[in-house]
Amino acid sequence: MATMRAAQISRAKGAFELVERPIPAPGPGTVRIKVEACGICHSDSIVKEGLMPGLQYPRIPGHEVAGQIDAVGPGVTQWTAGQRVGVGWHGGYCGHCDACLRGNFFACRTGQVTGLTFDGGYAEYMIAPESAVALLAAELPVADSAPLLCAGITTFNALRNSGAQAGDLVAILGIGGLGHLGVQYAAKMGFRTVAIARGKDKEPLAKQLGASAYIDSSAQDPAAALQQLGGARVILATVTNGEAMSTVQGGLGINGTLLIIGAVPSLSISSMQLLFGRQSVKGWYSGTSIDSQDTLAFSALTGVRSMNETFPLDRVTEAYDRMMSGKARFRVVLTMGK
Ligand SMILES: [Zn+2]
Ligand SMILES: [Zn+2]
């Protein structure tokens with residue numbers, strides 16, 4: 001039986017194990033993807049550390065997968081071998097539950113999560129439900145496409161659904177794996193883009209990525225600074241620090257939205273500010289496969305790219321630690337080689 005290399009986790013808090021496994025066969029309604037690149041996302045720590053009840057091990061993580069369809073299962077009519085495709089966090093939907101029937105495919109009752117509820121892309125091959133698969137943009141190399149399938153879609157889709165219009169003041173809180181993409185998308189969407197981060201060192205990069213202003217939150221009150229600029233229509237909170245989010249709330253303008261895509265255990269919000277400014281606090285789910293296609297097509301069209309550090313699959317432990325250290329600039333991508 002033909003085998004593939006894969007990096008798996010066998011138990012919560014276990015180490016990555018490089019193993020040879022049989023190449024899986026695609027069942028009904030699924031496709032097999034020959035993985036060429038897979039981004040490492042902070043959410044992969046859910047598998048590594050066992051942060052979700054009911055996770056089944058061994059599990060191969062990875063939900064920023066880019067490659068090529070290599071075989072299709074019975075009943076699949078929409079995909080064929082040879083197509084360049086990717087898979088993100090959203091692992092498909094059923095099409096007939098209440099959530100799906102109302103068009104909320106992202107919230108499908110039986111929806112799966114790539115690399116969590118089924119094996120993901122830290123491997124030479126993976127199986128994906130057909131509804132989870134997105135077409136890659138022809139102009140984008142796989143290593144550039146992979147991180148856009150989670151970090152990219154999350155920031156792009158949140159911003160395009162934020163209610164902000166061209167010319168509106170949009171602030172991106174945090175210049176990291178998500179934020180460095182958020183600044184680019186906001187600028188390319190025609191927003192007056194303000195980047196907020198701690199310290200001066202990220203200012204030149206933020207400006208280079210398209211920010212028209214930069215606020216150093218360690219040197220000045222970011223809420224006051226945003227108010228001086230007129231108040232933000234949207235603040236996209238990409239950080240994983242609840243206090244930093246609370247601190248910027250006061251920078252929202254009238255009808256402004258604090259749009260949260262970073263997970264924090266708890267968050268304190270001033271209800272008075274919400275009431276008097278008719279403001280809102282909202283979260284955003286990354287998106288489904290068609291949102292991934294839109295993200296990739298927009299990125300190809302406008303030149304938005306993530307900055308990546310790439311590692312071969314064999315160095316998965318080092319690559320994962322690099323991502324977790326917070327020092328990577330800015331996404332870490334595994335490549336499968338030939
Ligand atoms: Zn992710
Ligand atoms: Zn459903």
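No experiment lies behind these values; they were computed from the predicted model shown.

Let's shift gears to the coordination of the zinc ion (ligand 1). The expected angle between donors at a tetrahedral four-coordinate metal is 109.5 degrees. At an octahedral six-coordinate metal it is 90 or 180 degrees. Within the first shell, the zinc ion (ligand 1) binds the protein through Cys41 (SG), His63 (NE2) and Cys150 (SG), at distances of 2.0 to 2.2 Å. Written as a sequence motif, the donor residues of the zinc ion (ligand 1) are C-x21-H-x86-C. One end of the pair, His63, is in the loop between helix H1 (45-49) and strand S4 (65-72); the other, Cys150, is in the loop between helix H3 (142-145) and helix H4 (151-160), with 87 residues separating them in the sequence. Neither His63 nor Cys150 differs from the other in exposure class; each is buried.

Moving on, we come to the coordination of the zinc ion (ligand 2). Protein coordination at the zinc ion (ligand 2): the donors are Cys94 (SG), Cys97 (SG), Cys100 (SG) and Cys108 (SG), at 2.3 to 2.4 Å from the metal. Between consecutive donor residues of the zinc ion (ligand 2), the sequence gaps follow C-x2-C-x2-C-x7-C. Cys100 carries the same exposure label as Cys97, and that label is buried.

Side chains of Leu267, Ile269 and Val281 sit close together on the surface and give an oily, nonpolar patch of about 180 Å² of accessible area. Locating Val281 in the fold gives a position in strand S13 (residues 280-283).

With that settled, the discussion passes to the packing of H4 against helix H5 (residues 179-188). One way to put it is that H4 packs onto H5 with a least axis distance of 9 Å and a crossing angle of 40 degrees. The orientation of H4 relative to H5 falls into the category oblique. Here H4 and H5 pass one another in a crossing that is right-handed. Along its contact with H4, which presents Ala151, Gly152, Thr155, Phe156 and Leu159, the element H5 presents Leu181, Gly182, Tyr185 and Ala186. Looking at the contact of H4 with H5 residue by residue, the class counts come to six nonpolar, three polar and no charged.

Once that is clear, we can look at the sheet that holds strand S12 (residues 252-260). Pairing in this open sheet of six strands is parallel, and the strands run S10-S9-S8-S11-S12-S13 from one edge to the other. The strands lining the two open edges of the sheet, one partner per strand, are strand S10 (213-216) and S13. Pairwise comparison of adjacent strand axes, ignoring direction, gives a mean angle of 20 degrees for this sheet. One ladder, built from five bridges, connects strand S8 (residues 169-173) with strand S9 (residues 192-197); its direction is parallel. Each bridged residue has a counterpart across the sheet, and for Ala171 the counterpart in S9 is Val194. Packed on one face of the sheet, H4 meets S8, strand S11 (232-237) and S12 and runs near 160 degrees to S11.

In total, this model carries 14 salt bridges according to the counting rule given. Of the charged contacts, one joins Glu49 and Lys13 as a salt bridge, the two residues approaching to 3.9 Å between their closest N and O atoms. Of this pair, Glu49 sits in helix H1 while Lys13 sits in the loop between strand S1 (3-9) and strand S2 (16-22), and the two are 36 residues apart along the sequence. According to the relative accessible area criterion, Lys13 is exposed, its value standing at 57%. Linked by salt bridges that have partners in common, Arg5, Glu124 and Asp314 make up one network.

Here we take up the packing of aromatic side chains. Going through the model one piece at a time under the given rule, you end up with seven aromatic pairs. Considering the side-chain rings of Tyr185 and Phe298, the 6.0 Å spacing of their centres and the 45 degrees angle between planes classify their relative orientation as tilted. Here Tyr185 is found in helix H5, whereas its partner Phe298 is found in helix H10 (residues 289-302), with 113 residues between them in sequence. Here Tyr185 matches Phe298 in class, with each residue buried. Taken together, the ring pairs connect Phe16, Tyr122 and Tyr320 into an aromatic cluster.

With that out of the way, let us pick up the pairing of strand S5 (residues 84-87). Each regular strand carries side chains that alternate between the two faces of the sheet. The pairing of S4 with S5 spans four bridges and is classified as antiparallel. In the sheet register, Gly67 faces S5, and the bridge partner there is Val85. Where S5 and strand S7 (residues 133-135) come together, three bridges link them in antiparallel fashion. Looking at the pairing, Val85 lines up with Leu135 of S7.

Attention now moves to the environment of Val35. Structurally, Val35 is set in strand S3 (residues 30-40). Between the C-alpha atom of Val35 and that of Gly67, which follows or precedes it by 32 residues, the distance is 4.4 Å. Setting aside anything within four residues of it in sequence, one finds Val35 in contact with Val65, Ala66, Gly67, Gly121, Ala123, Glu124, Tyr125, Met126 and Met336.

On to unusual backbone geometry, then. Residues apart from glycine generally show negative phi values, whereas peptide bonds are mostly found in trans. The omega torsion across Tyr57 and Pro58 is -5 degrees, close enough to zero to call that bond cis. Take Pro58: it is sitting in the loop between H1 and S4. Geometrically, the link from Arg329 to Phe330 is a cis peptide bond, its omega value of -10 degrees lying close to zero. Tracing the chain through its elements places Phe330 in the loop between helix H11 (316-324) and strand S15 (331-335). Even without a glycine there, the phi angle at Asn255 is positive, about 60 degrees. Secondary-structure assignment places Asn255 in strand S12. Looking at Asn255, the relative accessible area reads 30%, which means it is partly exposed. A positive phi is found at Arg278, a non-glycine position, where the angle reads about 50 degrees. With respect to the helices and strands, Arg278 occurs in the loop between helix H9 (271-277) and S13.

Criteria and thresholds
- Residues numbered from 1 in each chain as written.
- Chains lettered and ligands numbered in written order.
- Predicted model: local features only at pLDDT ≥ 70, side-chain atom pairs only at ≥ 80, totals over all residues.
- Heavy atoms only, no water.
- Donors = N, O, S within 2.8 Å, 3.2 Å for Na, K, Ca; no water.
- Helix = DSSP H or I, 4+ residues; strand = E, 2+ residues; numbered from the N terminus.
- Buried < 20%, exposed > 50% of the residue type's maximum accessible area, 1.4 Å probe, protein only.
- Patch = residues over 30% accessible without salt bridge, like charges linked within 9 Å, V, L, I, M, F, W, Y side chains within 5 Å.
- Areas by Shrake-Rupley, 256 points an atom, 1.4 Å probe, with all protein chains shown as cover.
- Salt bridge = Lys/Arg side-chain N within 4 Å of Asp/Glu carboxyl O.
- Axes fitted to C-alpha atoms, helices over the stretch in contact; angles between N-to-C directions.
- Parallel < 35°, antiparallel > 145°, perpendicular 65-115°, else oblique.
- Left-handed = near helix turned anticlockwise from the far one by under 90°.
- Contact = heavy atoms within 4.5 Å.
- Nonpolar A, V, L, I, M, F, W, Y, C, P; charged D, E, K, R; others polar.
- Pairing = 2+ DSSP bridges.
- Phe/Tyr/Trp six-rings, centres within 6.5 Å; stacked < 30°, edge-to-face > 60°.

Shape descriptors only; they carry no functional weight alone.
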